[in-house]
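Listed here are the chains, written in short residue letters.
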Amino acid sequence: MIPERPVIEHRILAALNATPARIPVLLGGCGTGRTSLLRRVSQHLGDRGSHYFDIERAASTPEGFCTAVMRDSPYMLRGSPGQNQVVDFKGSMSDARTAFETLVRYLQESVGPSNTSPIFLIDEILELRTFESFPGLRGVVREIIDAFTKCSNRFVLTTRYASRAHRLFRDASARFEVIYVPMLSPVEVAATLMRHGVGRDDAERNDLSRMIHALTNGRPIYVRTLTEALRSMDGASSGDPVSALASQLEVDAPLWLVCRFSYELRLHRARGYGALKAILQILAKEEPFTLTEIAHRLRRTPGSTKDYLTWLEDVDLISVRKKRYSFADPLLRLWVRLYCRPASPTEEELSREVQEYAVLRLPFMEPSPLPSGTRRVTEPIADDKAWSIIEID
């Protein structure tokens, strides 16, 4: 579990309790803690106070998905107290379209105990796109988003695909409140170390937290994996995040598996699988590159290369700033550099690559916190983000 994120959790609860209720949409890439936040919100709401389900895990056919969601639901169809949901709708599963309409009706018209308004915590809402290959279900994501705004029931949605979500909610109802799930701060990393019993005292945890934050960019799943590795290490390697990183990037180690999942999942959600891998391998060797530079190395036309880059941006594998493309996740770039080649690296190659990565990243360590009441004066930093989104301080 990641540390508690009270600011985000309170904001979600405030949105749910507003009049009329707003619909929070949590955006964050792989391993940023969206599911952990939903689980914690569920705990705040209490036993049977909400219904959580993960579309990515459960999506199969529309009929099978609808049945599974309602079978596990704590809610009942409005006007049918005491009846099991599957029994209520058993006659409404004749085909994919009617099953989807049944699901929409359930989300809109169900009611909680004592006639309370249901709260649905829906993980990976954009995975409903998998149903668009079934007859009569083209455009179901926009259809169900519209349905959410036309009922009094309450919802919290998440997705790892920020670029797709920006397009989807750009013209959506004002009820939707987009919340970007930020990376962990060094202070939150230190809290993770304390929870796992890493570090002999606050000073050591502070130093370790700044190193881990620089190496992982604060991504919660990476922080947790490195922290668990440090807890299990002893002797000369104890307290050495760089050595822990090298050990975790060995084949089949936890961090290796996390990176492979993030890489493969998003490539399979994109188009042009082989060409996209080639571009990622180009950027893994050197970045940032312009469109022309990538097209030259890919040996494809600028037009087709632009399409490939757009598809990579669509699943948030790369980012573009001032017309130059680079990896969105620096640690995933290291993994691609190490493993997207015919043979796995030797122990010596792995160690060398991790050391070089650390040398480049550690200068980005945030300075130690100042004593209470002390101000640090810094020069303003220009913000050249190409997108506009609500962020949590």
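In what follows, the structure referred to is the one given above.
The shown structure was predicted, so the numbers you read here are calculated from the model rather than taken from an experiment. (Residues numbered from 1 in each chain as written. Predicted model: local features only at pLDDT ≥ 70, side-chain atom pairs only at ≥ 80, totals over all residues. Heavy atoms only, no water.)

Draft legend 1. Inspection of the pairing of strand β1 (residues 23–27) at higher detail. A large share of β1 lies buried, amounting to five of its five residues. Every second residue of β1 is oriented toward a common face, with Ile23, Val25 and Leu27 on one face and Pro24 and Leu26 on the other, all of them buried. Pairing of β1 with strand β7 (residues 176–180), which is carried by five bridges, proceeds in the parallel orientation. Paired with Pro24 across the strands is Glu177, a residue of β7. Two strands pair when backbone bridges link them, and β1 and strand β6 (residues 154–159) are joined in this way by three bridges, in the parallel orientation. Its bridge partner being in β6, Leu26 is matched across the sheet by Thr158. (Buried < 20%, exposed > 50% of the residue type's maximum accessible area, 1.4 Å probe, protein only. Helix = DSSP H or I, 4+ residues; strand = E, 2+ residues; numbered from the N terminus. Pairing = 2+ DSSP bridges.)

Draft legend 2. View of helix α8 (residues 162–169). Of the residues making up α8, those classed as buried are Ala162, Arg164, Ala165, Leu168 and Phe169. Buried residues of α8, seen end-on, are gathered within an arc of 155 degrees and therefore sit on one face of the element. Against β1, α7 (140–148), β6, β7, α13 (254–269) and α16 (302–314) lie the buried residues of α8. (Arc of directions from axis to C-beta. Contact = heavy atoms within 4.5 Å.)

Draft legend 3. Spotlight on the packing of aromatic side chains. For the structure shown, the criterion picks out 13 aromatic pairs. Note on Tyr263 and Trp335: the rings are 5.3 Å apart at their centroids and 55 degrees apart in plane angle, and the pair reads as tilted. Within this pair, whereas Tyr263 is found in helix α13, its partner Trp335 is found in helix α17 (residues 330–339), the two being separated by 72 residues in sequence. Judged on exposure class, the residue Tyr263 and its partner Trp335 are both buried. Taken together through their ring pairs, the aromatic side chains of Tyr75, Tyr106, Phe120, Phe148 and Phe155 make up a single cluster. (Phe/Tyr/Trp six-rings, centres within 6.5 Å; stacked < 30°, edge-to-face > 60°.)

Draft legend 4. Geometry of the sheet that holds β1. If you walk across this open sheet you meet the five strands as β2-β5-β6-β1-β7, and the pairing is parallel. Across the chains shown, the open sheet's two edge strands, defined by having one partner strand only, are β2 (51–54) and β7. Neighbour to neighbour, the strand axes of the sheet diverge by 15 degrees on average, direction disregarded. Set on the sheet, α7 makes contact with β1, β5 (119–123), β6 and β7; between it and β6 the angle comes to about 150 degrees. (Axes fitted to C-alpha atoms, helices over the stretch in contact; angles between N-to-C directions.)

Draft legend 5. Examining the environment of Glu124 more closely. For Glu124, the position within the fold is in the loop between β5 and α7. On the basis of relative accessibility, which here comes to 1%, the residue Glu124 falls in the buried class. Along the backbone, Glu124 and Phe53 are 71 residues apart, and their C-alpha atoms lie at a distance of 9.1 Å. With residues up to four places along the chain from it excluded, the contact list for Glu124 reads Arg34, Asp54, Ile55, Glu56, Thr158, Thr159, Arg160 and Tyr161. Engagement of the side chain of Glu124 in a polar contact is seen with the side chain of Arg34, the distance being 2.8 Å. (Polar contact = N/O pair within 3.5 Å; in protein donor to acceptor, adjacent residues only side chain to side chain.)

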